[in-house]
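Architecture at a glance
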Amino acid sequence: MSTPTSTTQERVKVATHLPHRALDAPPPVPRPGLGRPTAEEQFTTVGAWVSAFALAWVITQRLLPLGGVAWLLVVWFVLGLLMSAVTTSLTGRRVDVIDRVVSGIVTSGAVVVGAALVSAVVFVVFRGWEPLMHLNFFVDDMSGVGPRDPFDRGGIGHAILGSAIQLGIAVAVTLPLGIGTAVFMTEVGGRFGVVVRTIVEAMTALPSIVAGLFVYTVLIVAFGFPRSGFAAAMALSVMMLPIIARAADVVLRVVPGGLREASLALGASRWRTVWHVVLPTARPGLATALILGVARGVGETSPVLLTSGVATFYVTNPTDGVMNSLPLYIFKGARSPEAMDIERAFAAATVLLVLVLVLFVIARLVARPARARPPRRTPRAKPVPSQES
Amino acid sequence: MPSDRPTPRRLSRKATGGDRVFEIGARAVGATVLVITGGIGAFLAWQSVPTLSRYGWGFFTESAWQPEADVLGIGAVLVGTVSIAGVAMFFAFPLALLTALYISEYAPAGVRPTLVSLVDLMAAVPSIIYGMWGYFLVMPHAAAFSLWLHQHLGWIPLFSVEADPNAAVWDQTRYIGSAFCAGIAVAMMVLPMSCAVMRQVFSQTPPGEKEAALALGATRWGMIRSVVLPFGRGGIIGGTMLGLGRALGETIAVLLIISPDFVVKPRILEVGTNSVSALIAGRFGDASAAQLSALLTAGFVLFLITLVVNTLAAVIVSRSRSGAGTDA
């Protein structure tokens, strides 16, 4: 087998010829995209919608008594589909007409969703703009501030602090328990692990209000605990625990089995394998799970509404009486009949929105390294051994 | 008689030493979480027993909630919950489907990741913000639209309102705070969730089959209809049901928008409706022990409904994904 001829033959067999490009050759011109619409197609698409808009304006604003933006948009949509159908039928067949009309419908649907999202964000920021211009809004509390006091008095510092304390406690409870459960489900498993996974997945369906009601009934009614930040943190924990456990479970399951086996084969104990191999490999995914859990928890109003109560002043002790939080402040403000309170609620909603956005961007940035490499799964079946061995 | 063949080493899968500690520790954590999460379900079920034995099946059919008269029932709130979720899915399903199709098939490849992030971000926006959006921005317009529907389609029982549709000055208070208004805000909340599931399943369509359809001369819609939609059917159904599960349990936006009412009515445009979660949020404060048990029963029923819906959705989605492995 080790004669020189066979080695050369093998080498010939595996040799790959790479095409060489001359160094002074002009850079390759990108091929025109085959699926890209031609100029004529683009013109028919865009032109149909532009002409439909003009026609819709004439019809709704001049000819028919259908004034208002809503009618204009609806008629524009219908006419746009009609126009693109007509222009396409000049050159194309029936399938082309259907294709063009469907593409118009799909794009309009996406535009409607985008417009709704933008309108929600812009509306909240726009209505809450004025209180945000005063720096005291971020640091002061609302004690002694009446509903008609100007915006340079009072703020939501107490609500922000309350949210931070409640979330801190909730994370301190859920993070070890959630990741510990995920480790148990993936690394130990067994029949009991299946039971735990089933129950945890079932509990993600628990509506947040029911989680709040559970804590209210057990902690506050049965044990006589006061309504406090601690109770709110417990309610948030009950709600976040299944979410984090499940997300962490998904992340740990895609850690390549080869890494575990390599670590165990080198003589590491199972705990060291988990601590030094499995968890670091899954760190970005775990961070994402945590941050998304926090982003969910920070905006949850209903559990907090049942368990914490409203304070208008700074509360730093979570076990001592009522404590406000950001979503609760927004909710109370939005239900208030006073215009100024509503405006403050909108400002607080803007703060909450920015907070969620920041958490979300951080989650994305943390998750990026995991995203850059393709997700590897542990192979379900062993690959067929290749023939040449 | 000593045998010269070596006896096979005894192998044991049983963990020893530190591994055993690790296994027991992990098991303990798992058991703790099982007790906590499972404890909630068990607690809710246990608390439901006195209520159900007291009121029997009437608890599900009785519409009034009058603790002082000892008449409690969740008939009206169940109907309200379903009608709000129904309105929400009426808006959310087509929009989620179209958006998912747009992102996976129509959008330029360059902006696709941005759009995916936007949908995820939309799902992360707290429900209180959609509630305020629905209450302060959308509700007046929704009321005007309700009036138009009432005037033109009022002969359908669904769209009738107990008010004069052609009054000189229309009575806006009859058209706000309805299941229709609440449904719009809830739709905004569940839309990104269903959209994300659908898009994920669409993006797993085997590219070979898509290219085959295009190579055979199909238009883009032809390709979508013959490859993407059949392949993603499980994702469409599962994503919709996941959204439905969320819509049924939504509290705060509903609580902000509706005017609470305890009447079974199919008239979704009319003022006054209620949902199980809004009932709990509205009535927990002044509840006695018996009423608390009744509220917990209502919560338990809600939990069971969402559990069934979510489990079905998860089964359907995972089944559709298992088909993704059969690409050639």
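Here the residue numbering is sequential within each chain, running from 1 through the sequence in written order. By the order in which they are written, chains take letters starting at A while ligands take numbers starting at 1. Since the coordinates come from a predicted model, pLDDT governs what is reported: local features require at least 70, and pairs of side-chain atoms require 80 or more to be given and counted, while whole-chain, interface and lining totals use all residues. For the side-chain quantities, the full set of heavy atoms in the structure was used; hydrogens and water were omitted.

As recorded in an unreviewed UniProt entry, chain B goes by Phosphate transport system permease protein and comes from Nocardioides alpinus. The record in UniProt for chain B states the following under Subcellular location (unreviewed entry): "Cell membrane". UniProt positions are given in the numbering used here, feature names are shortened, and annotations may be inferred rather than shown by experiment. Chain B has a UniProt comment under Sequence similarities (unreviewed entry) that states "Belongs to the binding-protein-dependent transport system permease family. CysTW subfamily."

Per an unreviewed UniProt entry, chain A goes by Phosphate transport system permease protein PstA and derives from Nocardioides alpinus. UniProt's Function (unreviewed entry) comment on chain A is quoted here verbatim: "Part of the binding-protein-dependent transport system for phosphate; probably responsible for the translocation of the substrate across the membrane." Entered under Subcellular location (unreviewed entry) in the UniProt record, the comment concerning chain A runs "Cell membrane".

Details of the interface of chain B and chain A
Across the boundary between the two partners, chain B contributes 66 residues, which contact 77 residues of chain A. Both sides of the chain B and chain A interface together cover about 6,400 Å² of buried area, and 82% of this is carbon and sulfur. The rule for a salt bridge is simple: a side-chain nitrogen of Lys or Arg has to be within 4 Å of a carboxyl oxygen of Asp or Glu. Where chain B packs against chain A, one counts one salt bridge. The residue Arg270(A) makes a salt bridge to Glu23(B) at a minimum N-O spacing of 2.9 Å. Counted as a polar contact is a pair of N or O atoms within 3.5 Å, where, for protein atoms, one must be capable of donating a hydrogen and the other of accepting one, and residues adjacent in sequence contribute only when both atoms are in side chains. Along the contact surface separating chain B from chain A lie five residue pairs in polar contact (both at pLDDT 80 or more). Helix numbering and strand numbering both begin at the N terminus, where a helix is a DSSP run of H or I of at least 4 residues and a strand a DSSP run of E of at least 2. Per-element accounting of the side of chain B that touches chain A gives the leading share, 18 residues, to helix α1 (residues 17–55) of chain B. Following the grouping adopted for this structure description, the nonpolar residues are Ala, Val, Leu, Ile, Met, Phe, Trp, Tyr, Cys and Pro, the charged ones are Asp, Glu, Lys and Arg, and the polar ones are all others, Gly among them. Here the residues of the side of chain B that touches chain A sort into 45 nonpolar, 15 polar and six charged. Contact between two residues is taken to exist if any of their heavy atoms lie within 4.5 Å; hydrogens are not considered. A simple way to read buried area is as the amount of 1.4 Å-probe accessible surface that goes missing from two parts once joined, with both sides added.

Things to note about the pattern of salt bridges
Residue and element names in this part refer to chain A. Counted under the stated rule, the structure contains ten salt bridges over all chains. Taking the shortest distance from any N to any O, the salt bridge between Asp 249 and Arg 253 comes out at 3.2 Å. Of this pair, Asp 249 and Arg 253 are both found in helix α10 (residues 229–253), four residues apart, which corresponds to roughly one turn of the helix. Here Glu 300 makes a salt bridge to Arg 296, at a shortest N to O gap of 3.4 Å. A relative accessible area of 8% places Glu 300 in the buried class. Per-residue accessibility, obtained with a 1.4 Å probe over protein chains only, is compared with the maximum for each type, and a residue is labelled buried under 20%, exposed over 50%, and partly exposed between these values. Here Arg 296 falls in the partly exposed class, since its relative accessible area comes to 33%. Linked by salt bridges that have partners in common, Arg 197, Asp 249 and Arg 253 make up one network.

Looking at the UniProt feature "domain: ABC transmembrane type-1" (unreviewed entry) in chain B
Mapped onto this numbering, the UniProt entry gives "domain: ABC transmembrane type-1" (unreviewed entry) at residues 78–313 of chain B. A distance of 21 Å separates the end C-alpha atoms of residues 78–313 of chain B, which is 72% helix and 0% strand.

Notes on the side chain of Thr181(A)
The residue Thr181(A) is located in helix α7 (residues 157–188) in this model. On the basis of relative accessible area, Thr181(A) is assigned to the buried category, the value being 0%. Residues contacting Thr181(A), with those up to four places away along its chain left out, are Val196(A), Ala245(A), Val29(B), Gly30(B) and Val33(B).

Description of the domain arrangement of chain A
All names here are of chain A. What the domain assignment reports for chain A is domain 1 (39–127) and domain 2 (157–372). For the domain bounds, the source is a domain assignment made automatically or taken from a database. A C-alpha centroid distance of 43 Å is found between domain 1 and domain 2. At the boundary of domain 1 with domain 2, total buried surface from both sides reaches about 490 Å², with 77% on carbon and sulfur atoms. Contact with domain 2 buries surface across domain 1, with Val 124, Val 125 and Arg 127 losing the most and accounting together for 83% of the total. At the junction of domain 1 and domain 2, the tally comes to zero salt bridges.

Focus: the nonpolar core
Ranked by internal contacts, the top residues of the largest apolar core, which has 172 residues, are Leu206(A), Leu213(A), Met240(A), Trp65(B), Ile74(B), Met132(B) and Leu295(B). Of the domains in this structure, domain 1 (39–127) and domain 2 (157–372) of chain A are the two that each give at least three residues to this core. As used here, the term nonpolar core means buried Ala, Val, Leu, Ile, Met, Phe, Trp, Tyr and Cys residues forming a set that is joined through side-chain atoms within 4.5 Å.

Comments concerning the UniProt feature "transmembrane region" (unreviewed entry) in chain B
Residues and elements named next belong to chain B. Feature annotation in UniProt assigns "transmembrane region" (unreviewed entry) to the following positions: residues 21–46, 71–103, 115–138, 175–197 and 292–317. What you have in residues 21–46 is 100% helix and 0% strand, and the ends, taken at the C-alpha atoms, are 35 Å apart. Secondary structure content for residues 175–197 is 83% helix and 0% strand, and the end C-alpha separation is 34 Å.

Looking at the UniProt feature "domain: ABC transmembrane type-1" (unreviewed entry) in chain A
In the numbering adopted here, UniProt assigns the feature "domain: ABC transmembrane type-1" (unreviewed entry) to residues 160–363 of chain A. The span residues 160–363 of chain A is 79% helix and 0% strand, and its two end C-alpha atoms sit 21 Å from each other.

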